[in-house]
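# Per-entry structural report
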Amino acid sequence: MDLTGRNFLTLKDFSAEEILYLLDLAADLKAKKAKQIPVDIHRGKNIALIFEKTSTRTRCAFEVAAHDLGICTTYLAEGSQIGKKESIADTARVLGRMFDGIEYRGYQQSLVEDLAKYSGVVVWNGLTNEYHPTQMLADMLTIREHFGKLKGLKLVYYGDARYNIGNSLCIVCSKLGLNLTLCAPEKYFPDSKLVQECNLWAKESGASITLESDIKKATKDADILYTDVWVSMGEPDEVWAERIADLKDYQVNMDVLKMAKASAIFMHDLPSFHDLNTKIGKEIHEKFGLDAMEVTDEVFESKQSVVFDEAENRMHTIKAVIAATLGNNF
């Protein structure tokens, strides 16, 4: 399958067959790395990594993946003029003259789309407020490694389903045939237009999308339990207070895990407030009296947790995306 020159902005743009191809390629690249087989098929190329939002997994995954492929990387954060002294269009046209590809991790989806529109080179979405497609590939590879399949599995997502993880799970599950339940108060359900769009893909794949506020109903027969942080860094205290009040009953703890199948796994895109043993975590504990937020430490550290498999698979799946879109020469 030839994906050369394709931008990777949202999985809306990719068919189920193309997504599965990327998962197969990622699995092959992962196996080659384990055997120390070189895959530097893009030696001599250069890519720019734009990070308006800081990251551990996304940055490291892109840099290691690129280096494995023989690609040099340039990291742009506070030193970039993007959207400040210079328009997105101007920045895109400058970078497009120097680089073979551009990764963007930041805010509005429109920003990464403008980079793709004006740069003339391949652009990859490392995360926006609306979508997180590289995370979805890592999640699907992790699930397939654990269960040996994707179709027919039940994935339950707990928490605020209005943003990038909830939106992207709707897309990838509906295309690949997983039954998705979004478990949250109604005010945190995703946009109805997106759900309608995903329901069309779900009809083709045999999947289902369910919006449910009752945790017991949502969790029954679940194969995968998935959650994310409730509040993004930089949001004011009143937002934290509101989210915690609204979502505290949707925490993934051992009682919730026991409602699922005995074979169920726990997933999280990270970072996680599972023990609050960080500077920010301690502030949360002092302000709100919590020992954990979206997931308890007991679940996070349990044998059913595959969060670090997910984290590793960010690199293998991102490598597949870069390799395929720059021209898969295997």
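Just so you know, these numbers come straight off a predicted model, no measurement behind them.

So, how was this worked out
- Residues numbered from 1 in each chain as written.
- Predicted model: local features only at pLDDT ≥ 70, side-chain atom pairs only at ≥ 80, totals over all residues.
- Heavy atoms only, no water.
- Pairing = 2+ DSSP bridges.
- Helix = DSSP H or I, 4+ residues; strand = E, 2+ residues; numbered from the N terminus.
- Axes fitted to C-alpha atoms, helices over the stretch in contact; angles between N-to-C directions.
- Contact = heavy atoms within 4.5 Å.
- Left-handed = near helix turned anticlockwise from the far one by under 90°.
- Core = buried A, V, L, I, M, F, W, Y, C linked by side-chain atoms within 4.5 Å.
- Buried < 20%, exposed > 50% of the residue type's maximum accessible area, 1.4 Å probe, protein only.
- Phe/Tyr/Trp six-rings, centres within 6.5 Å; stacked < 30°, edge-to-face > 60°.
- Lys NZ or Arg CZ within 6 Å of the ring centre and 35° of its normal.
- Lys, Arg positive; Asp, Glu negative; His and termini not counted.
- Salt bridge = Lys/Arg side-chain N within 4 Å of Asp/Glu carboxyl O.
- Right-handed = clockwise from strand over helix to strand, strands pointing away.

## Some words on the sheet that holds strand S6 (residues 179-183)
Overall, parallel pairing links the 5 strands, which are arranged S7-S6-S5-S8-S9 in an open sheet. Every other strand in the sheet has two partners, leaving strand S7 (208-212) and strand S9 (265-268) as the edge strands with one partner each. Sheet twist, expressed as the average angle between the axes of neighbouring strands with direction ignored, equals 20°. Where helix H13 (residues 307-327) meets the sheet, it contacts strand S8 (224-227) and S9, and its direction lies at approximately 50° from that of S9.

## Overview of the packing of helix H5 (residues 133-147) against H13
Packing of H5 against H13 leaves a shortest axis separation of 8 Å and a crossing angle of 115°. Judged by the twist between their axes, the crossing of H5 over H13 is right-handed. The segment H5 lies against H13, with Thr134, Gln135, Leu137, Ala138, Asp139, Leu141, Thr142 and Glu145 engaging Asp309, Glu310, Asn313, Arg314, Thr317, Ile318 and Val321.

## Comments concerning the nonpolar core
The biggest cluster of nonpolar side chains holds 63 residues, and the ones touching the most others in it are Trp124, Ile143, Leu155, Leu169, Leu176, Leu178 and Ile322. Ignoring sequence-local partners within four residues, the contact set of Leu178 consists of Met140, Ile143, Leu150, Leu153, Cys173, Ala207, Ser208 and Ile224. Counting 20 residues, the second largest nonpolar core, distinct from the first, contains Ala218, Met254, Ala264 and Phe300.

## Quick look at the pairing of S8
A two-sided burial pattern is seen for S8, the buried positions comprising Ile224 and Tyr226 on one face and Leu225 and Thr227 on the other. Inspection of the sheet shows strand S5 (residues 154-158) paired to S8 by 4 bridges, in the parallel sense. What sits directly across from Tyr157, in S8, is Tyr226. Sheet topology note: the S8/S9 ladder contains 4 bridges and is parallel.

## A word on the packing of aromatic side chains
Inspection of every chain in the model, using the stated rule, returns 6 aromatic pairs. Ring geometry for Phe300 and Phe308: centres 5.8 Å apart, planes at 90°, overall edge-to-face. Residue classification places Phe308 among the exposed residues on the basis of a relative accessible area of 52%. The lysine or arginine in question, Arg6, covers the ring of Phe14, its NZ or CZ lying 4.4 Å from the ring centre.

## With respect to the side chain of Glu103
Mapped onto the elements, Glu103 comes out in strand S3 (residues 101-105). Buried and unpaired, Glu103 has no salt bridge, with Arg105 as the nearest side chain of opposite charge at 6.2 Å. Excluding anything up to four places from it in sequence, Glu103 contacts Ala48, Leu49, Ile50, Phe51, Thr58, Phe62, Trp124 and Gly126.

## Details of the pairing of S3
Counting buried positions along S3 gives 5 out of 5 residues, so the element sits mostly inside the fold. Side chains of S3 alternate between two faces, with Gly101, Glu103 and Arg105 and Ile102 and Tyr104 buried alike. Of the strand pairs in this sheet, strand S1 (residues 46-51) and S3 are connected by 5 bridges, and their pairing is parallel. In the strand pairing of S3, Leu49 is matched with Glu103. Pairing geometry for S3 and strand S4 (residues 122-127), over 5 bridges, is parallel. Counted as the bridge partner of Gly101 is Val122 from S4. Note that the unit made of S3, helix H4 (residues 109-119) and S4 has a crossover that is right-handed.

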